[in-house]
Amino acid sequence: AQSVTQLGSHVSVSEGALVLLRCNYSSSVPPYLFWYVQYPNQGLQLLLKYTSAATLVKGINGFEAEFKKSETSFHLTKPSAHMSDAAEYFCAVSDYKGGKLIFGQGTELSVKP
Amino acid sequence: DVKVTQSSRYLVKRTGEKVFLECVQDMDHENMFWYRQDPGLGLRLIYFSYDVKMKEKGDIPEGYSVSREKKERFSLILESASTNQTSMYLCASTGWNTEAFFGQGTRLTVV
């Protein structure tokens, strides 16, 4: 069975600081991994995805994530936080690209001026 | 622009009512999903469908049913709404080789 754990339900950073949101996964097959962002009262928008190509994946809005098989991790980073990055972020795993997603608990990111 | 459209953004229903949540996608996707989102629990899969008239239970199907009579439409049904079904409901669709696209969500309150 697949599962996802996001460490930290709330993360707060200052504007301009590094953003690091942690995600660890469990999967018995090579995983497809995703990060989604949700702004208040909105649906989910895809930030980036890992589908067994390059281990360092670049997404929208300056975000990137690195797939580390040995650590079963897929942490999300952004070098410099912007106020508009304040949102909830979800990590998800699937056993194939169009398959059902298993989500982590979500991490709410706050950005202080 | 690809779209997954949920029929209502906000709904208020009474305990015991039968509730229908509708989802339509315009991408000719084969797969459709219903998730429930609650604070601290992330998104949990209720039901999904890989084809017309086909359905499979997700992780929390109790108290729900679904219908998929046409490829583009996937309905979630609460047979007898209860207060513990107050939540945000999200519909998603995928093709066999595409990532998931989500609707805007329906915030359901059962009173």
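The rules we used
- In this numbering scheme, every chain counts its residues from 1 along its sequence in written order.
- Lettering for chains starts from A, numbering for ligands starts from 1, and both go in the order in which the items are written.
- In keeping with the model being predicted, local features are shown solely for residues with a pLDDT of at least 70 and side-chain atom pairs are shown and tallied solely at 80 or more, while totals for entire chains, interfaces and linings include all residues.
- With hydrogens and water set aside, each side-chain value is computed from the structure's full complement of heavy atoms.
- What counts as a salt bridge is simple: a side-chain nitrogen of Lys or Arg found within 4 Å of a carboxyl oxygen of Asp or Glu.
- Only protein chains enter the calculation, and the probe is 1.4 Å; a residue is then buried if its accessible area is under 20% of its type maximum, exposed if over 50%, and partly exposed in between.
- Only runs of H or I of at least four residues qualify as helices and only runs of E of at least two qualify as strands under DSSP, and these elements are numbered from the N terminus.
- Counted as a polar contact is a pair of N or O atoms within 3.5 Å, where, for protein atoms, one must be capable of donating a hydrogen and the other of accepting one, and residues adjacent in sequence contribute only when both atoms are in side chains.
- We call two strands paired when DSSP finds no fewer than two bridges between them.
- Axis lines are fitted through C-alpha atoms, for helices just across the contact stretch, and the angle between N-to-C directions can take any value from 0 to 180 degrees.
- By definition, residues are in contact when any of their heavy atoms lie within 4.5 Å.
- What gets called buried area is simply the loss in accessible area from a 1.4 Å probe that two parts show on being joined, summed for both.
- Amino acids are sorted into nonpolar (Ala, Val, Leu, Ile, Met, Phe, Trp, Tyr, Cys and Pro), charged (Asp, Glu, Lys and Arg) and polar (every other residue, Gly among them).

Novice: For this particular structure, what's the right way to read the pattern of salt bridges?
Specialist: A pair can form between side chains of opposite charge whenever their charged atoms are brought close. Overall, the coordinates contain eight salt bridges over all chains when judged by the stated rule. Here Lys78 of chain A and Asp85 of chain A are joined by a salt bridge, their closest N and O atoms 2.8 Å apart. Side by side, Lys78 of chain A and Asp85 of chain A carry an identical accessibility label, which is buried. The salt bridge involving Asp38 of chain B is made with Arg36 of chain B; its shortest N-O contact spans 2.8 Å. The same class applies to Asp38 of chain B as to Arg36 of chain B, namely buried. One network of salt bridges, with partners in common, ties together Arg36, Asp38 and Arg44 of chain B.

Novice: Help me out: how do you make sense of the side chain of Thr106 of chain B in this one?
Specialist: All names here are of chain B. With respect to the secondary-structure elements, Thr106 resides in strand β11 (residues 106–110). In terms of polar contacts, Thr106 uses its side chain to reach the side chain of Gln6, at 3.2 Å. A polar contact is formed between the side chain of Thr106 and the backbone oxygen of Ser8, at a distance of 2.5 Å.

Novice: Even after reading the chapter, I still don't get the sheet that holds strand β1 (residues 3–7) of chain A, so can you show me in this structure?
Specialist: Each strand in a sheet pairs with another by means of backbone hydrogen bonds, the pair being arranged parallel or else antiparallel. All names here are of chain A. The strand order β1-β3-β8-β7-β6 describes an open sheet built from five strands, whose pairing is antiparallel. The two strands at the open ends of the sheet, each matched to only one other strand, are β1 and β6 (56–58). Each strand axis lies, on average, 20 degrees off the axis of its neighbour in the sheet, ignoring direction. Sheet topology places strand β3 (residues 19–26) next to strand β8 (residues 73–78); four bridges connect them, and they run antiparallel. Note that in β8 the partner of Leu21 across the bridge is Leu76.

Novice: Help me understand the interface of chain A and chain B, please; the structure alone is not making it clear to me.
Specialist: One widely used convention gives an interface's size as the accessible area the parts lose upon coming together. Each side of the interface is counted separately: chain A has 21 residues, and chain B has 27 residues. Buried surface at the junction of chain A and chain B, both sides included, amounts to about 1800 Å², of which 50% is carbon and sulfur. Ranking the residues of chain A by area buried against chain B places Asn41, Lys97 and Lys100 of chain A at the top, with a combined share of 27%. A salt bridge links Glu99 of chain B to Lys49 of chain A, with the shortest nitrogen-to-oxygen separation between them at 2.9 Å. At the surface where chain A touches chain B, the tally comes to nine residue pairs in polar contact (both at pLDDT 80 or more). Of all the secondary-structure elements, those providing two or more residues to the side of chain A that touches chain B are β4 (32–38), β5 (44–50), β9 (87–94) and β10 (102–103) of chain A. Among the residues making up the side of chain A that touches chain B, the classes are represented as nine nonpolar, eight polar and four charged.

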